[in-house]
Amino acid sequence: MTPHEFVKYTPATNCGECGYPACLAFAVAVTKGGVSPELCPYVHRENLTADIGPRQEDSGLNMVDRDQEERDMALVAHLKSKVRDLDFKSLGPRLGALWSADEPDALSFSYLGRSVTLGSETVSMADEQLVDPRDQILLYNYVAFGGGRIPDGTWVGMESLPNSISKIRTLATYCEQRLAKRFSGRAEKLAALCNEIGAVPGPVDQSADVGKVIPVLPNVPHYLLFWDEELEDGFEARVKVLFDHHVMDFLDLESLVFAAERMTDRLAELDV
Ligand code: SF4
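Remember, predicted model here, so these are calculated numbers, not experimental data.

Let's talk about the site of the ligand
Right, so step 1: As a structural note, the neighbourhood of the ligand is formed by Pro11, Thr13, Asn14, Cys15, Gly16, Glu17, Cys18, Cys23, Phe26, Cys40, Pro41 and Tyr42.
Right, so step 2: More than half of the atoms of the ligand fall within 2 Å of the grid points belonging to the largest cavity.
Right, so step 3: Grouping the constituent residues of the shell around the ligand by class yields eight nonpolar, three polar and one charged.

Some points on the packing of aromatic side chains
Right, so step 1: Under the criterion given, the structure shown has five aromatic pairs.
Right, so step 2: Centroid distance Trp155 to Tyr223: 5.2 Å. Interplanar angle 55°. Geometry classified as tilted. Here the residue Trp155 occupies a position in strand S6 (residues 155-157), and Tyr223 occupies one in strand S9 (residues 220-227), the gap between them amounting to 68 residues.
Right, so step 3: Members of the aromatic cluster, connected to one another through ring pairs, are Phe6, Tyr9 and Phe26.
Right, so step 4: Over the aromatic face of Trp227 sits the side chain of Arg238, whose NZ or CZ is 4.2 Å from the ring centroid.

Some thoughts on helix H4 (residues 88-95)
Right, so step 1: Of the positions making up H4, those classed as buried are Phe88, Leu91, Gly92 and Leu95. The buried residues of H4 occupy an angular sector of 115° when the element is viewed end-on, so they sit on one face. Residues of H4 that are exposed and point over 90 degrees away from its buried face: Lys89 and Pro93.
Right, so step 2: In the segment just after H4, Gly96 is the residue with positive phi, at about 70°.

Some thoughts on the domain arrangement of the protein chain
Right, so step 1: Each assigned domain of the protein chain is listed here: domain 1 (1-58), domain 2 (83-147) and domain 3 (155-270).
Right, so step 2: Each partner contributes residues to the interface: domain 2 has 19 residues there, and domain 3 has 21 residues.
Right, so step 3: Carbon and sulfur atoms supply 61% of the area that domain 2 and domain 3 bury against each other, a total of about 1,600 Å² over both sides.
Right, so step 4: Joining domain 2 to domain 3, the criterion identifies three salt bridges.
Right, so step 5: For Asp135, the salt bridge is made with Arg262, and the minimal N-O distance between the two is 2.9 Å.

Remarks on the environment of Phe235
Right, so step 1: Inspection of the secondary structure assignment puts Phe235 in the loop between S9 and strand S10 (238-244).
Right, so step 2: When residues no more than four places from it in sequence are discounted, the contact partners of Phe235 are Glu229 and Glu230.

Parameters and conventions
Numbers given to residues run from 1 along each chain, matching the order in which its sequence is written. Local features in a predicted model are, by the rule used here, given only for residues with pLDDT of at least 70; side-chain atom pairs are given and counted only at 80 or more, and totals for whole chains, interfaces and linings are based on all residues. The basis for every side-chain value is the complete set of non-hydrogen atoms in the structure, without hydrogens or water. Think of it this way: one heavy atom of a residue within 4 Å of a molecule or strand is enough to make that residue near it. We place a 1 Å grid over just the protein atoms. Points where a 1.4 Å probe fits but has no way out form a cavity, open points with protein on both sides within 12 Å along at least 5 of 7 lines form a pocket, and any residue with an atom within 4 Å of a point lines it. In this scheme, a molecule is assigned to a cavity or pocket if more than half of its atoms are within 2 Å of the grid points. Residues are grouped as follows: nonpolar covers Ala, Val, Leu, Ile, Met, Phe, Trp, Tyr, Cys and Pro; charged covers Asp, Glu, Lys and Arg; every other residue, Gly included, is treated as polar. The rule is short: rings of Phe, Tyr and Trp, with Trp giving its six-membered ring, pair when the centres are within 6.5 Å, and they are stacked under 30 degrees, edge-to-face over 60, tilted in between. Helix and strand definitions follow DSSP, with helices as H or I runs of at least four residues and strands as E runs of at least two, each counted in order from the N terminus. Counting as a charge over the ring demands two things of the Lys NZ or Arg CZ atom: a distance within 6 Å of the ring centre and an angle within 35 degrees of the ring normal. A simple rule labels every residue: compare its accessible area, found with a 1.4 Å probe on the protein chains alone, to the largest value its type can have, and call it buried under 20%, exposed over 50%, or partly exposed in between. The directions from the helix axis to the C-beta atoms form the arc being described. What counts as a domain boundary in this text is fixed by an automatic or database domain assignment. Note on contacts: a residue pair qualifies if any of its non-hydrogen atoms lie within 4.5 Å across the two residues. When two parts are put together, the accessible area they lose, computed with a 1.4 Å probe and summed over both, is reported as buried area. Salt bridges are counted wherever a side-chain nitrogen of Lys or Arg sits within 4 Å of a carboxyl oxygen of Asp or Glu.

So, in structure tokens, the structure goes:
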């Protein structure tokens, strides 16, 4: 069982009774370190549906996946420690986030059209704890960066961002090509789904069939351009995603590409 899977058996309250600061940290200790799950009084062993210890078949790709997950979780823990001492009240306006005196150690903001509440220990979306470490890395990074120059409508491609060569192909594979293939011949549907997650029309002088500015995060809009297929001329559908030229004030490249991947996932999820 992965930490990810195990954490679902906890109430995710981060109460600390097990001796760990957060349920996720406890889940890592149980699934990777052999710590007894009974240290958490709220986990009932009889409910666990699979072995929780390290797997016998850990090898090859399996191990690669798990190593990656461990690295991701270590990064989440590091980012949480980074945001712990930040002044959330003053940070809120810089990130387009809401701060409330009722919950001073948390910020609320929109993530692909859904409301997220991020605190120094947990992040939840629509009242459910977000457990995927990659989402957590993206959101904690957004807060840890501390804000910067707000988007001013100057759009650039990934290739114009510094040190981005290795990311251009990743963006194409996990976002642009997926969207082009999925929505080929369905430009109107794509436009409608973009609207569902809060998109607004992009600049008027563009040639694409769909041009939508999608607020992935409040200060990290993605400008999605879609040219539909033209069967008579033999053109396949094509997508290009642009970013504000100051986007790196808010995220690193890795998180930025992941944000585009999540935008793609979200559009695909809505396309039922
Ligand atoms: S005791 Fe259980 S609920 Fe409390 S932090 Fe530990 S794992 Fe989470």
